[in-house]
Each structure stands twice: as structure tokens, then as C-alpha cells.
Amino acid sequence: MDAKDFVQSILNLSQQASNLACLIREDPQLNERLTASKSDRINGEADFKTLADVLIQCTFSHGLRRKFPGFKINVRGEEDGSFPAQNGKQVKLEITDDAQNTRKLLSQVLKDDSVVEKLSGAVHRNMEVHDDFLNKISGLQLPEELNVWIDPIDSTKSYIKGGESLESVTVLVGVHHAGIPIIGVMTYPFSKQQIWGVCYGNTCVTNVPKPLGNSPIKTVYTSTLETDERRDKLRSQGYHVETPAGAGFKLGGVILGAASFYLVSRRSTYQWDTCGPHAILRALGGDVVLQSRPDTPLSYNDSVDPNEGFVAFLDKQGALKLLSALK
Ligand SMILES: O=P(O)(O)O[C@H]1[C@H](O)[C@@H](O)[C@H](OP(=O)(O)O)[C@@H](OP(=O)(O)O)[C@H]1O
């Protein structure tokens with residue numbers, strides 16, 4: 001399979017996913033459902049946020065399988081593809097090419113026909129992204145078997161909160177082969193940015209310019225769950241410490257040069273959070289390694305267990321120095 005075709009499809013489908021996320025957030029009728037508190041669900045709907053996640057993931061999986069029939073593409077995500085219907089049973093949101101079928105499925109979980117109509121319209125609206133950098137991976141042959149992780153909406157709390165918080169929301173897609181992340185696409189629905197990277201064999205290509213990284217004060221992004229003690233320890237050694245929302249946004253910050261490191265000490269992230277951004281970091285010469293064994297990069301399979309603590313970086317020597325500052 002040609003890498004250019006495959007990455008082009010992931011960019012298109014991620015853009016479509018991003019549009020769905022915006023539509024749900026910005027349409028007054030849909031947004032009302034998203035932000036309704038648990039005790040105040042419209043018509044007794046269970047959790048519209050989960051529906052948004054499941055719908056985006058299923059639309060993405062269907063689009064990818066449809067585009068590459070005959071290839072072994074295993075798509076896994078934060079959601080399992082099912083959602084409680086109004087009658088209390090679980091509905092499997094199996095998206096097909098038939099928009100009527102999508103309306104039928106959505107009618108089982110949503111009472112309002114106009115909401116069903118809007119959502120199924122967006123599920124069947126194809127997008128086409130244009131990016132000249134893709135020509136650089138034309139001719140690169142990808143392996144026959146590819147494993148894809150998708151986080152349909154990362155930084156969920158910010159997505160529900162809205163306003164300025166929306167800038168930390170990302171749609172994350174990562175592709176791994178033999179445990180190694182080889183393709184990553186991150187889409188920022190609300191700041192309309194899309195970054196990607198491929199690192200496979202001897203080919204490393206990304207549409208992100210390599211950040212200069214020459215600031216004497218290094219910024220470290222930490223997990224929300226990091227201890228104050230460790231944050232203070234870093235500050236006392238001259239690091240600037242920040243904790244923006246969203247694992248994807250923090251990894252994107254290292255990719256784009258807003259931070260030098262993202263440090264996660266507890267088991268709080270999952271493979272769907274890290275796989276895509278990790279591939280882009282690799283394409284830029286960086287990596288994500290275990291805090292306990294800095295020679296070991298995070299690796300990927302189909303486990304839904306959380307990742308071990310790690311540090312993400314572009315500069316390995318700097319990351320080793322950071323880890324020794326924590327000892
Ligand atoms: O919003 P979902 O899809 O559930 O993903 C979460 C990640 O799984 C967590 O790892 C993030 O927490 P950290 O603060 O530890 O990076 C968490 O960031 P947050 O605590 O800032 O919301 C989210 O990115």
C-alpha cells in the first residue's frame with residue numbers, strides 16, 4: 001500500500017471527524033445535549049458526549065475500511081462502538097455507505113428527527129485535504145498489516161466546557177506496526193490545524209517544521225496528576241512547569257516547540273492518546289520513552305491498559321537531564 005494514499009485518507013477522515021466534533025459543539029441543538037448534566041438529559045438520553053465519540057470513531061473506521069478493502073487494517077479506539085438506545089439495549093453503531101441505515105441507527109438513540117438528520121448528514125459528507133508535503137511519501141510502501149488507534153475527542157473535559165478551552169481538543173490517529181508508531185495525524189478542530197508525520201524504514205517525513213528549541217529555560221508540561229513535590233523540584237532546578245489540558249495537546253506542544261518535554265509519572269494516558277503524536281515526534285527525531293527505562297520507547301499493541309509513566313521529547317540528552325533532575 002502506498003503511504004501517500006493511506007496518509008491522504010487518514011487526513012481526510014480526520015478532517016471529517018474534526019468537522020463532526022465542531023458540528024456537535026457549535027450547533028445549538030446538539031450542543032444543548034452535550035452539556036446537559038446527567039440528571040437533566042434531554043428525553044432521558046444517556047450521555048451525548050459518548051455518542052459523539054462513538055459516532056466519530058465508527059465513521060472513521062468505516063471510511064478507512066471502505067477505502068482499503070482487502071488490507072488488514074485493525075482500527076481500535078477509546079470507544080467500543082456501542083451506545084445505549086432509548087429502550088435500554090445497546091446499539092452497535094455500524095456505519096455503512098447507506099445514509100438511511102445511519103438515520104435508522106441514530107433514531108434508536110435520539111428522539112429528535114432533525115438532530116438525527118444533521119448528524120447523519122455529517123457522517124456521510126466526505127472531505128478532501130490538500131497538502132503538498134504528501135508528495136514526499138509517494139512510493140513508500142507500507143506493510144500489509146496496519147494497526148490504528150483513534151482518540152475521537154481528546155481533552156473531553158475541555159470539549160464539554162467550551163470557550164477558550166476548546167483549543168486543547170484534538171482528534172488523534174496513530175498507526176503502529178510491530179509495536180512501533182509509524183504514522184501520526186493530529187487534528188485541532190477548533191484552531192483548524194492538522195499536523196502529521198510518518199517514520200517508517202529510512203523515511204521520516206512530517207509537515208511540521210523542526211522547532212528551534214534554543215531557549216535556555218526549558219518548559220515542561222506535566223500531567224494533571226503530577227505531584228506538587230515533583231513540580232517544585234523541577235522549578236527549583238530552573239525548569240518552567242505548566243499543566244495545560246489534554247494529553248494530545250501536551251504532546252502537540254512538544255511537537256510544535258511550545259514545550260521541551262511532556263512528563264507523565266502515573267498511569268494516566270492510553271495508547272490512543274500517545275500513538276499518533278509519538279509517530280510525529282519520531283518523524284522529527286524525537287521519541288517517547290519510559291521514565292523507569294529511558295532506553296525503552298513506549299510500544300504499541302491492542303491493549304487498553306494505561307501506559308507506564310513516560311517523557312516525550314525532541315532532544316534526548318535534555319530528557320535524560322530532566323529525569324536525573326527528578327531523582
Ligand atoms: O479526554 P480524554 O480522551 O479522556 O483523555 C485524557 C487523557 O487520557 C489523560 O491522559 C489526560 O490527562 P493528563 O493530564 O494526565 O495528561 C487528560 O487530560 P486532562 O486531565 O487535562 O483532561 C485527557 O487528555
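Owing to the predicted nature of the structure, the values given are computational and were not obtained by experimental measurement.

**A short note on the sheet that holds strand 1 (residues 72-77)**
So, step 1. Taken in spatial order, the six strands of this open sheet run 1-4-5-6-7-8, and their pairing is mixed. The open sheet terminates on both sides in strands that have one partner only, identified here as strand 1 and strand 8 (203-206). Taking each pair of neighbouring strands and ignoring which way they run, the sheet shows an average axis angle of 15°.
So, step 2. Here four bridges tie strand 7 (residues 193-200) to strand 8, and the two strands are oriented antiparallel to one another. The partner of Tyr200 across the bridge, within strand 8, is Thr203.
So, step 3. Sheet strands in contact with helix 3 (residues 48-67) are strand 1, strand 4 (145-154) and strand 5 (170-177), and its direction is about 150° off that of strand 4.
So, step 4. This element, helix 9 (residues 271-283), spans strand 1, strand 4, strand 5, strand 6 (180-188), strand 7 and strand 8 of the sheet and lies at about 105° to strand 6.

**Side note on the pairing of strand 13 (residues 310-313)**
So, step 1. Of the two faces of strand 13, the one lined by Phe310 and Ala312 and the one lined by Val311 and Phe313 are each fully buried.
So, step 2. Two strands pair when backbone bridges link them, and strand 11 (residues 261-264) and strand 13 are joined in this way by four bridges, in the antiparallel orientation. The residue of strand 13 that forms the bridge with Tyr262 is Ala312.

**A look at the state of the cysteines**
So, step 1. Inspection of every chain in the model, using the stated rule, returns one disulfide.
So, step 2. Put simply, Cys199 and Cys204 are joined by a disulfide, and their sulfur atoms are 2.4 Å apart.
So, step 3. Accessibility expressed as a relative area gives 6% for Cys199, which makes it buried.
So, step 4. Residue Cys204 is classed as partly exposed on the basis of its relative accessible area, which comes to 38%.
So, step 5. No disulfide involves Cys22; its sulfur sits 19 Å from that of Cys58, the nearest cysteine.

**Observations concerning the sheet that holds strand 12 (residues 287-290)**
Hydrogen bonding along the main chain pairs the strands of a sheet, whether they run parallel or antiparallel.
So, step 1. Reading across from one edge, 10-9-11-13-12 is the order of the five strands in this open sheet, with mixed pairing throughout. Two strands in the sheet have a free side with no partner beyond their single neighbour: strand 10 (240-242) and strand 12. Each adjacent strand pair in this sheet contributes to an overall mean axis angle of 25°, direction not counted.
So, step 2. Packed on one face of the sheet, helix 7 (residues 228-236) meets strand 9 (219-222), strand 10 and strand 11 and runs near 150° to strand 10.

**Regarding the pattern of salt bridges**
So, step 1. According to the stated counting rule, one finds nine salt bridges in the structure shown.
So, step 2. With its nearest N and O atoms 3.2 Å apart, the salt bridge here joins Glu117 to Arg103. Of the two residues, Glu117 is situated in helix 5 (residues 113-123) and Arg103 in helix 4 (residues 99-109); the sequence distance between them amounts to 14 residues.
So, step 3. Note on Glu117: relative accessible area 41%, which makes it partly exposed.
So, step 4. For Arg103, a relative accessible area of 25% translates into the label partly exposed.
So, step 5. Here Glu226 ties to Arg230 by a salt bridge, and the two come within 3.0 Å at their closest N and O atoms.

**With respect to the site of the ligand**
So, step 1. Surveying the vicinity of the ligand reveals 17 residues, the closest of which are Thr156, Ser223, Thr224, Tyr262 and Ser268.
So, step 2. Within the backbone of Ser155, one N or O atom sits 3.0 Å away from an oxygen atom of the ligand.
So, step 3. The contact in question runs from an oxygen atom of the ligand to an N or O atom on the backbone of Ser268, over 2.8 Å.
So, step 4. In isolation the ligand has 500 Å² of accessible area, and contact with the protein removes 87% of it.
So, step 5. Mapped by element, the contributors of at least two residues to the shell around the ligand are strand 4, helix 6 (156-161) and helix 8 (247-256).
So, step 6. Counting residues per element, the shell around the ligand draws most heavily on strand 4, at three residues.
So, step 7. A breakdown of the residues in the shell around the ligand according to their chemical character gives four nonpolar, seven polar and six charged.

**Some thoughts on helix 3**
So, step 1. When the terminal C-alpha atoms of helix 3 are compared, their 28 Å separation across 20 residues agrees well with the 28 Å that a helix rising 1.5 Å per residue should span.
So, step 2. Among the 20 residues that make up helix 3, 16 are buried, leaving the element largely enclosed by the rest of the structure.

**Let's talk about the domain arrangement of the protein chain**
So, step 1. Domain assignment breaks the protein chain into domain 1 (3-206) and domain 2 (219-326).
So, step 2. Placing a centre on the C-alpha atoms of domain 1 and another on those of domain 2 gives a separation of 25 Å.
So, step 3. At the junction of the two partners, domain 1 supplies 35 residues and domain 2 supplies 27 residues.
So, step 4. Summing the contributions of domain 1 and of domain 2, the shared interface buries around 2300 Å²; its carbon and sulfur component is 69%.
So, step 5. It is Trp149, Pro181 and Met186 in domain 1 that bury the most area against domain 2; as a group they hold 25% of the surface buried on that side.
So, step 6. Here domain 1 and domain 2 share nine residue pairs in polar contact (both at pLDDT 80 or more) between them.
So, step 7. Counting only elements with at least two residues in the side of domain 1 that touches domain 2, the list comes to strand 1, strand 4, strand 5, strand 6, strand 7 and strand 8.
So, step 8. Looking at the side of domain 1 that touches domain 2, the element that brings in the most residues is strand 6, giving eight residues.
So, step 9. The class makeup of the residues in the side of domain 1 that touches domain 2 is 18 nonpolar, twelve polar and five charged.

Cut-offs and rules
Residues numbered from 1 in each chain as written. Predicted model: local features only at pLDDT ≥ 70, side-chain atom pairs only at ≥ 80, totals over all residues. Heavy atoms only, no water. Pairing = 2+ DSSP bridges. Helix = DSSP H or I, 4+ residues; strand = E, 2+ residues; numbered from the N terminus. Axes fitted to C-alpha atoms, helices over the stretch in contact; angles between N-to-C directions. Contact = heavy atoms within 4.5 Å. Buried < 20%, exposed > 50% of the residue type's maximum accessible area, 1.4 Å probe, protein only. Disulfide = S-S within 2.5 Å. Salt bridge = Lys/Arg side-chain N within 4 Å of Asp/Glu carboxyl O. Near = heavy atom within 4 Å. Polar contact = N/O pair within 3.5 Å; in protein donor to acceptor, adjacent residues only side chain to side chain. Areas by Shrake-Rupley, 256 points an atom, 1.4 Å probe, with all protein chains shown as cover. Nonpolar A, V, L, I, M, F, W, Y, C, P; charged D, E, K, R; others polar. Expected span 1.5 Å × (residues − 1). Domains from an automatic or database assignment. Buried area = accessible area lost by both parts, 1.4 Å probe.

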